[in-house]
Amino acid sequence: MDPFDAGAGGLLRQPKAVWATAGASVVAFMGIGLVDPILPSIAQGLDATAGQVSLLFTSYFLITAFAMLVTGFVSSRIGGRRTLLLGLALVVVFAGLAGTSDTVGQLVGYRAGWGLGNALFVSTALAVIVGAAAGGSAAAILLYESALGLGMACGPLLGALLGDASWRYPFFGTAALMAIGFLGITVFLKEQPKPARRTSLLDPLKALSHGGLASVAASAFFYNYTFFTVLAFTPFVLDMTPYASGAVFFAWGLLLAVFSVLVAPRLQRRFGSLKVLGGSLLLLAADVLVLGYGGHTTAVVCTILSGAVIGVNNTVYTELALGVSDAPRPVASAGYNFVRWFAAAAAPFFAPRIEEWTDIHVPFVVAAVTAVLGAVVVAVRREALTHEAAETEPRHAAEDGVTVFAN
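In this text, all values refer to a predicted model and were calculated from it rather than measured experimentally.

Basis of the calculations
- Residues numbered from 1 in each chain as written.
- Predicted model: local features only at pLDDT ≥ 70, side-chain atom pairs only at ≥ 80, totals over all residues.
- Heavy atoms only, no water.
- Helix = DSSP H or I, 4+ residues; strand = E, 2+ residues; numbered from the N terminus.
- Buried < 20%, exposed > 50% of the residue type's maximum accessible area, 1.4 Å probe, protein only.
- Contact = heavy atoms within 4.5 Å.
- Areas by Shrake-Rupley, 256 points an atom, 1.4 Å probe, with all protein chains shown as cover.
- Axes fitted to C-alpha atoms, helices over the stretch in contact; angles between N-to-C directions.
- Parallel < 35°, antiparallel > 145°, perpendicular 65-115°, else oblique.
- Left-handed = near helix turned anticlockwise from the far one by under 90°.
- Nonpolar A, V, L, I, M, F, W, Y, C, P; charged D, E, K, R; others polar.
- Phe/Tyr/Trp six-rings, centres within 6.5 Å; stacked < 30°, edge-to-face > 60°.
- Lys NZ or Arg CZ within 6 Å of the ring centre and 35° of its normal.
- Salt bridge = Lys/Arg side-chain N within 4 Å of Asp/Glu carboxyl O.
- Core = buried A, V, L, I, M, F, W, Y, C linked by side-chain atoms within 4.5 Å.
- pLDDT = per-residue confidence, 0-100.
- Patch = residues over 30% accessible without salt bridge, like charges linked within 9 Å, V, L, I, M, F, W, Y side chains within 5 Å.
- Expected span 1.5 Å × (residues − 1).
- Bend = angle between axes of the 7 residues up to and from the residue.

> Help me understand the overall build of the protein, please; the structure alone is not making it clear to me.
Counting secondary structure elements, the protein contains 16 helices and zero strands. Per-residue burial over the protein gives 59% buried out of 407 residues. The long-range share in the protein, meaning contacts at least 24 apart out of those at least 6 apart in sequence, stands at 86%. Put simply, the protein shows about 14800 Å² of open surface, and 68% of that area lies on carbon and sulfur atoms.

> Where do I start with the packing of helix 10 (residues 211-238) against helix 15 (residues 362-380) in this structure?
Helix packing for two helices is described by the angle between their axes and how far apart those axes are. Their axes nearest at 8 Å, the elements helix 10 and helix 15 cross at an angle of 160°. When the axes of helix 10 and helix 15 are compared, the pair comes out roughly antiparallel. You can see that helix 10 and helix 15 cross each other, and the crossing is left-handed. Taking contact as the criterion, the partners of S215, A218, S219, F222, Y223, Y225, T226, T229, F233, T234 and V237 in helix 10 are, on helix 15, P363, F364, V366, A367, T370, A371, L373, G374, V377 and V378. Grouping the amino acids of the contact of helix 10 with helix 15 by side-chain chemistry returns 14 nonpolar, seven polar and no charged.

> Looking at this structure, I do not really get the environment of S200. What am I missing?
You can see S200 is positioned in the loop between helix 8 (169-188) and helix 9 (203-207). Sequence separation of S200 and G72 is 128 residues, and the distance between their C-alpha atoms is 7.5 Å.

> Teacher, can you tell me more about the packing of aromatic side chains here?
Each aromatic ring pair is characterised by the separation of its centres together with the angle its planes make. All told, the structure shown has 18 aromatic pairs when counted by the stated rule. Geometrically, the ring pair formed by F338 and F342 is edge-to-face, given 5.1 Å between the ring centres and 85° between the ring planes. Here F342 and F338 lie together in helix 14 (residues 329-357), a separation of four residues that amounts to about one turn. According to the relative accessible area criterion, F342 is partly exposed, its value standing at 23%. Three or more aromatic residues joined by ring pairs form one cluster here, namely Y60, F61, W114, W167, F171, Y223, F227, F228, F249, W252, Y317 and W341. Positioned over the ring face of F73 is R77, at 3.8 Å from the centre of the ring. Across from the ring centre of W341, 4.3 Å away, lies the NZ or CZ of R340, which sits over that ring.

> How do you make sense of the pattern of salt bridges when you look at a structure like this?
This structure, assessed with the given rule, holds one salt bridge. A salt bridge links R168 to D102; the nearest nitrogen and oxygen atoms lie 3.9 Å apart. With R168 in the loop between helix 7 (136-163) and helix 8 and D102 in the loop between helix 5 (80-98) and helix 6 (104-132), this pair connects stretches of sequence that are 66 residues apart. Residue R168 is classed as partly exposed on the basis of its relative accessible area, which comes to 23%. Its relative accessible area of 56% is what places D102 among the exposed residues.

> Looking at this model, I keep getting lost on the environment of V91. Mind explaining?
One can find V91 in helix 5. Sequence separation between V91 and G113 is 22 residues, and the spatial gap between their C-alpha atoms is 7.5 Å. What V91 contacts, discounting residues up to four positions off in sequence, is G96, W114, G117, N118 and M178.

> What exactly am I supposed to notice about the packing of helix 5 against helix 8 here?
Where helix 5 meets helix 8, the closest approach of the two axes is 8 Å, and the angle between their N-to-C directions is 160°. What the angle tells us is that helix 5 and helix 8 run roughly antiparallel. For helix 5 against helix 8, the interelement crossing comes out left-handed. Where helix 5 approaches helix 8, its residues R81, L84, L85, L88, A89, V91, V92, A95, G96 and A98 are matched on the opposing element by F171, F172, T174, A175, M178, A179, G181, F182, I185 and T186. Its residues assigned to classes, the contact of helix 5 with helix 8 shows 15 nonpolar, four polar and one charged.

> When you look at unusual backbone geometry in this model, what are you seeing that I'm missing?
Most peptide bonds adopt trans geometry, and most residues besides glycine take a negative phi value. Despite not being glycine, D239 has its phi angle at roughly 50°, a positive value. Examined against the element boundaries, D239 turns out to sit in the loop between helix 10 and helix 11 (242-271).

> How do you make sense of the nonpolar core when you look at a structure like this?
Counting 120 residues, the largest nonpolar core has I42, F61, F171, F228 and W252 as the members making the most contacts within it. For this core, the element with the highest residue contribution is helix 10, accounting for 13 residues. Residues contacting F61, with those up to four places away along its chain left out, are I32, F228, W341, A344 and A345.

> Where do I start with the confidence of the model for the protein in this structure?
It should be kept in mind that the predicted coordinates are not to be read in detail where pLDDT is low. Residues at a pLDDT of 70 or more form 89% of the protein, whose mean pLDDT is 82. Of all the helices and strands in the protein, helix 16 (residues 382-400) carries the lowest mean pLDDT, 51, while helix 15 carries the highest, 96.

> What am I meant to see in the side chain of T124 here?
By the element assignment, T124 lies in helix 6. Its relative accessible area of 5% is what places T124 among the buried residues. Excluding anything up to four places from it in sequence, T124 contacts S75, G80, T83 and L84.

> Help me out: how do you make sense of a nonpolar patch on the surface in this one?
Taken together, L282, V372, V376 and V380 make up a surface patch of nonpolar side chains, about 330 Å² in accessible area. In terms of residue count, the dominant contributor to the nonpolar patch is helix 15 (three residues).

> So what exactly am I meant to see when it comes to helix 14 here?
Under the 1.5 Å per step criterion, the end-to-end length of helix 14 is 42 Å for 29 residues, consistent within 8% with the ideal 42 Å. At A347, helix 14 shows its strongest bend, of approximately 30°, with the proline P348 following within four residues. For helix 14, a buried count of 21 out of 29 residues is recorded, marking the element as mostly surrounded by other parts of the structure.

Here it is as structure tokens:
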């Protein structure tokens, strides 16, 4: 089946509930990159250092990581629709409060609450889209990755446009957009049946006992450190105006969206998921190394180009995480995300401190090393990943009528 086919099971022919959830997902992912172009402005406005401002990412993703253990527990008891609405409501409240912050400590705290809401929404949104989409998981995952890429692209642009007037306005803008998403979910998404079995808090951790899923999570952990070094630390290195920085990360996000949705599936069909993943991780390592040691123009170009390999990686990792084990997809996703988001919290914290201890180049050397380590995990665990993915394909195909890419 071609997920791009415009027929009944194609990517573009989806129920209104799926589009409403995907639309709200775009805004949710916008919140991740929203602060990128205004990080220097926030530091100046709140008289904070780069290391202090980087905690906006650390608190956000640290809470997100732990919240992954809670999302399945909550959604299996109150239902997917109510969980989505709860997550959206929390984002609206804490994004709005973030705009009123008088100290960097307050802002970091509000971002943590924002992270909790985003975790409840994003993890549940993927399960809802997979469950409600026409065409099975392949079309659903591509739609989800489209939302991720579009959100990542538009977040910095919105941050730049609103942040040029005041660093506070992007937070208020996000709260308003998420409120619209709340209304869209309320109107178009009906309550879905609750799972026959309630998810416990320990189920995502138990799922990680599966060798294939643990390997995907470990590789994604190293990859995410590289990813969020680019996202959270590069704006300070580029040292550009909000508009210029927003334009750079908008172009970065467009490449991420195009390569995650259009390029990654074609590469997977031709070369196999594991070869594509290993190769793209090595390309990412080379890119960030050149970014760290090149001049300003080179850094801008490498930042934008990193969006292409990041887009490919995101799609392959998501499909492997959902298809490699025999755990229910929401549980497997929660366990996988629990591991990888710790790296997203660590990179913004350590990168500026590594610069303080050494120089501006070393954080990118570390990021290149972690990307290579991600590729090493894929190579070392290749046989197990291939074997275990093949074993679970028939079960997942029976669940949703489509085979998840795995090789």
